[in-house]
Amino acid sequence: MSVVTGALGSLAPKLLQLLQDEYKLQKGVRKQVHWLHSELESIHAFLRKVADVPWDRLDEQVKVWAREVREASYDMEDVLDTFLVRVDGGEPADPSRLRRAMKKLGELFTKAKARRDIAGAIDDIKKHLDEVAERRQKYKLDEMIMSKSITSASTIDPRLTAMYKEVSQLIGVDKSRDELISMLNLSQPDDDAPDKKTIKKVSIVGVGGLGKTTLAKAVYDKLKSQYDCGAFVSVGRDHDLVKVFKDILFDLDKNRYENIHNTGRGVDLLIREVREFLENKRYFIVIDDVWEVRIWEAIELALVENNHGSKVITTTRNVEVAKASGEVYKLKQLSNDDSMKLFYTRLSRADRKFLDNHPDDISEKILKKCTGIPLAIITMASLLAGKPECEWSMVYNSIGFHTTDNREAEDTMTILSFSYYDLPPHLRTCLLYLSTYPEDYFIEKKPLIWKWIAEGFIDGKQGTRLFELGERYFNDLINRSLIQPVENEWNGRVESCRVHDMVLDLMRKLSSDENFIAILGDNVEGTPAPSSVRRLANQNRISEHINSETMVTGMPKVRSYTAFKCFIDSRDQFLRFKLLRVLDIVRCSFEKGCHLDHLGDLLHLRYLRIRFNGSSPELPMQLGNLKLLQTVDVQGTLPASIVQLTELVRLRAHQKVPDGIGKLVSLEELIMKGFGDKALKFLKELASLRELRVLVFGTRGADESMQRDFVESLSNLQKIQHIKVYGSYWHADTAMWEAAGFVLPRPLRCLRWSVIEFSKLPSCINPTRLPNLAQLKLRVTTMDERDLKLLGRLPALCCLTLLTVSTVTASNINAGDGCNINSSDHSFFQKLRHFETNAMVLFEQPDEEDTSVSLHMWNGEDAMPFASRKNSDSRKVVPSGVMPNLEVLYFDVPLRALKDNYSDYCENIGLEYLPSLRKLGGAIVREDAPFVNSDAALAALRDACNVHPNHPTFDMYISYYYTMFA
């Protein structure tokens, strides 16, 4: 399905479905169906040609005709789907014998009427298509489609994350960062007076996409360690002040205000809370993306004036806001040299001075049009990525570059639209769908892809799962710089994305123009024509705006309904959208007594997600009627009828799942809190779910019989990629598991089951059997050097949590070439970025003349495996084959044992062998050691971070007992 072609792609196969014997269509109707199928295929082929031409270059008559056909295709699909649902309709959850008999008798009449209705509907469709064909011929539309599309398939850049960081954060930022720091440190008149209470405020102003947030973040990251506390908070156009103040408090002290977002405090109380917290502190706060003066004035009330040298930065597109909020720093566009450097870095080319036969004139024209705006430059570079340089002139001319007097922001929007039209039709549709989400929203990748699937945007290919294809679409949009990746802090994987404000503005405009999505929100302009709305999104609305009978009856064609952060009262009008395929309720509040009784009437529903604030409405037993459901993601209690949904591919529940889960043989993702009282039955039934890719469940523990069933089930899950078990501990005898046939499939990427305590490392966890394993969370009682080195050679491992009671050393690891997995030592945790363990970690070079390094993990009870060493004043980073890409390290320090065995505490733990280190954290476990000893240990570790060239973030704390290994 695409924006231009509408539902035409799915109509032809549905018409063929009608020709099956089970539907018993009359002979004349079957003949018409054959004709419709051929005609629709012809129209679809023509519309695909239309879709290949940038919309702004199409003749207006072609646009009108394409819109008409697209809207007609939706109507046709609604008719066919309604017929198919009526004939194949859902069964009651648990009917009695009498009710079943009555239902069968009723079906004889209902299905006969449905066949008569479909015959009439097909006749109407045929007449409509005759008119469509007549207009196409009358206006000679085929002759109008002369231009060729410039779309081309993009490839996913494997260096995406590194490129994104280098381009968006570094190029052209250094000079602006230094200028801004100088402004912050420059005293204002009378600032030096001892009784003068003031804070230095600077506002960064510039057009969207210029890099204001990037600059503010660069300054914040560089200076925040000099202050008692700090916060970096985004406001946005929605300017929810309650959320802004809660975000400020949370950033200022994450431990103290861990649950602040769950409180019901109003603006006045929150302002008072912020003021009290900041009263006697030297603070550094960034308020990002302020749109209105009045919003800044409200935020400013919380910023206490003191004489501690506090600083505040704001960013805004509005000059008036900038003047009201501090000294103005007008962010300049990138220089020509920086623009060129950014452009070619994004293209992964060398510096232009070293390129031969390079079309400088074309690149100069492109960069001139970008006016030094980083987002525009990145977008244009992505547009040209993968195209030979000899074709740049053709691309330049075909997208309609010409000299204009438009403002910079308008030029950038135009350039963004060029990138949009360069997308293949299916990606345009997926991108436009992001306009459903509010501004500055973190969009989770998985729910987004499953919604794409439910909407029919992803066409299945032989041998490729729809979700995997959706991941390719998602990565392609990132690679084209149209969405911004958001990495998971712990594992470095891109699990969500954001949409830049300018891109979102463009998507909303295009969605509105093409009647793709109607958005109702406090800060969204434009009112849709209700009768033609197909997809409806509500953002930050109260109940009377979103849940009225007038709204529902006036929008009879709605097939997708989304509500973000809305209040939903006891009425359930939105559940009466009879054609609804997607229902997504996100972070909404339900009035007490709200029910979902009519949910079981939505027979077309494919996607159901209900995420609420507070208590959850009960899900009805009639949920089992929804035979087309593919995704169920709910917080409420699931009815027993859920196991009747045989088309279900994703089930995520925050409560226990009913018995009978083995019936859901199409499941690809199963994420749940628990499995009821019959755990043994659940673990056996897992064996039936052979399509599973993701398995996450909680447990209260498992005896030997249950563990054996689990092992046997795992042997059937040959497609599994992600396994997580949490809850109470299992004590697993590794020998018993292996005797029961314990193996892990080669596709496995993530294994997180620290609640399962193995007696020793299972033999299947090794580099040859798990080539794709990227995340591992493991608890092993006894480990030795061989085990540790096996883990170290897992070729894809980037995130490891290893809990053990053993003391273990991996000795004499050489730098080597770092890539030979067959070598015994050379690739020791080559790709590891995050390492967390309960043991104390120390890296040591036993012999100064030897380049090898040893890794010690000490439990604090056994003999210390390392000796006290003379402190090195330089501690320069040296080449090492140990964890060369490690960025985050967490470990515990057994202070009492350390004091008794190691005279200089933590003064030299070998951080110099970790060249990529960015963060050091963990616990100093005091037990009964004196405070002075813990302070000395903290000071030594902090000093180790300070002398490291990366200046890693220091996040160690003092604890009285061990918590990571029970």
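This text goes with the structure placed above it.
Let us look at the structure shown here.

What counts, and where the lines are drawn
Note that residues are indexed from 1 along each chain, following the sequence as it is written. Local features are withheld for residues below a pLDDT of 70 in this predicted model, meaning they are given only at 70 or higher, and side-chain atom pairs are given and counted only at 80 or more; totals for whole chains, interfaces and linings count all residues. Side-chain numbers come from the whole structure's heavy atoms, not from hydrogens or water. Type-normalised accessible area, obtained with a 1.4 Å probe on protein chains alone, sets the label of each residue: buried when under 20%, exposed when over 50%, and partly exposed for intermediate values. For the purposes of this entry, the term helix denotes a DSSP run of H or I that reaches at least four residues, the term strand denotes a run of E that reaches at least two, and both are numbered from the N terminus. Only strands joined by at least two bridges in the DSSP assignment are considered to pair. Identification of polar contacts relies on pairs of N or O atoms within 3.5 Å, with a donor-acceptor requirement for protein atoms, meaning one able to donate a hydrogen and the other able to accept it, and with residues adjacent in sequence counted only if both atoms are side-chain atoms. Residue count minus one, scaled by 1.5 Å, sets the expected span of a helix. Every angle, taken between N-to-C directions, lies between 0 and 180 degrees, and every axis is a line fitted to C-alpha atoms, over only the stretch in contact when it is a helix. With the far helix as reference, a near helix turned anticlockwise by less than a right angle produces a left-handed crossing, and one turned clockwise produces a right-handed crossing. In this analysis, two residues are considered to be in contact whenever any of their non-hydrogen atoms come within 4.5 Å of each other. All residues other than Ala, Val, Leu, Ile, Met, Phe, Trp, Tyr, Cys, Pro, Asp, Glu, Lys and Arg, Gly among them, are scored as polar; the first ten of these are nonpolar and the last four charged. Salt bridges are defined by distance alone: a side-chain nitrogen of Lys or Arg within 4 Å of a carboxyl oxygen of Asp or Glu.

## Structural notes on the pairing of strand β13 (residues 582-590)
Here is step 1 of the chain: Buried residues dominate β13, accounting for seven of its nine residues.
Here is step 2 of the chain: With five bridges joining them, strand β11 (residues 560-564) and β13 adopt parallel strand pairing. In the sheet register, Tyr561 faces β13, and the bridge partner there is Leu583.

## Observations regarding the side chain of Glu844
Here is step 1 of the chain: Inspection of the secondary structure assignment puts Glu844 in strand β26 (residues 840-844).
Here is step 2 of the chain: Glu844 gets classed as buried once you look at its relative accessible area, which sits at 11%.
Here is step 3 of the chain: Side chain to side chain, Glu844 and His856 meet in a polar contact 2.7 Å long.

## Considering the sheet that holds strand β7 (residues 484-487)
Here is step 1 of the chain: With respect to topology, three strands assemble into an open sheet ordered β6-β8-β7, the strand pairing being antiparallel. The sheet terminates laterally at β6 (443-444) and β7, the two strands that pair on one side only.
Here is step 2 of the chain: Examined bridge by bridge, β6 and strand β8 (residues 494-498) share two bridges and lie antiparallel to one another. Note that in β8 the partner of Ile443 across the bridge is Cys497.

## Let's talk about helix α21 (residues 501-513)
Here is step 1 of the chain: The terminal C-alpha atoms of α21, which comprises 13 residues, lie 18 Å apart, in line with the 18 Å expected from a rise of 1.5 Å per residue.
Here is step 2 of the chain: Asn515 lies just past α21 and shows a positive phi near 50°.

## Some words on the pairing of strand β28 (residues 888-894)
Here is step 1 of the chain: Of all the seven residues making up β28, seven are buried; the element is thus mostly covered by neighbouring parts of the structure.
Here is step 2 of the chain: Burial of the side chains of β28 extends over both faces: Val888, Tyr890, Asp892 and Pro894 are buried on one face and Leu889, Phe891 and Val893 on the other.
Here is step 3 of the chain: The sheet contact formed by strand β25 (residues 834-837) and β28 spans three bridges and is parallel. Residue pairing in the sheet places Phe835 in a bridge with Leu889 of β28.
Here is step 4 of the chain: As judged from the seven bridges shared by β28 and strand β29 (residues 919-925), these two strands associate in the parallel manner. For Asp892, the partnering residue across the bridge sits in β29 and is Ala923.

## Looking at the packing of helix α7 (residues 173-185) against helix α8 (residues 212-223)
Here is step 1 of the chain: Contact pair α7 / α8: the axes reach a minimum separation of 9 Å and the direction vectors enclose 60°. Every pair of crossing elements has a handedness; the one defined by α7 and α8 is right-handed. Contact with α7, carried on its side by Val173, Ser176, Arg177, Leu180, Ile181 and Leu184, involves Thr214, Leu215, Ala218, Val219, Lys222 and Leu223 of α8 and no other residues of that element.
Here is step 2 of the chain: By residue class, the composition of the contact of α7 with α8 is eight nonpolar, two polar and two charged.

## A look at the pattern of salt bridges
Here is step 1 of the chain: Inspection of the entire model under this criterion finds 40 salt bridges.
Here is step 2 of the chain: Residue Glu669 pairs with Arg693 through a salt bridge whose shortest N-O separation is 3.1 Å. Linking Glu669 in strand β17 (residues 669-672) with Arg693 in the loop between α24 (679-685) and β18 (694-699), this pair joins segments that are 24 residues apart in sequence.
Here is step 3 of the chain: Relative accessible area serves as the criterion here: at 3%, Arg693 is assigned to the buried category.
Here is step 4 of the chain: Ionic contacts of the salt-bridge type, sharing partners, join the residues Arg67, Arg70, Glu71, Asp75, Glu77, Asp78, Asp81, Glu514, Arg534, Lys557, Arg559 and Arg581 into one network.

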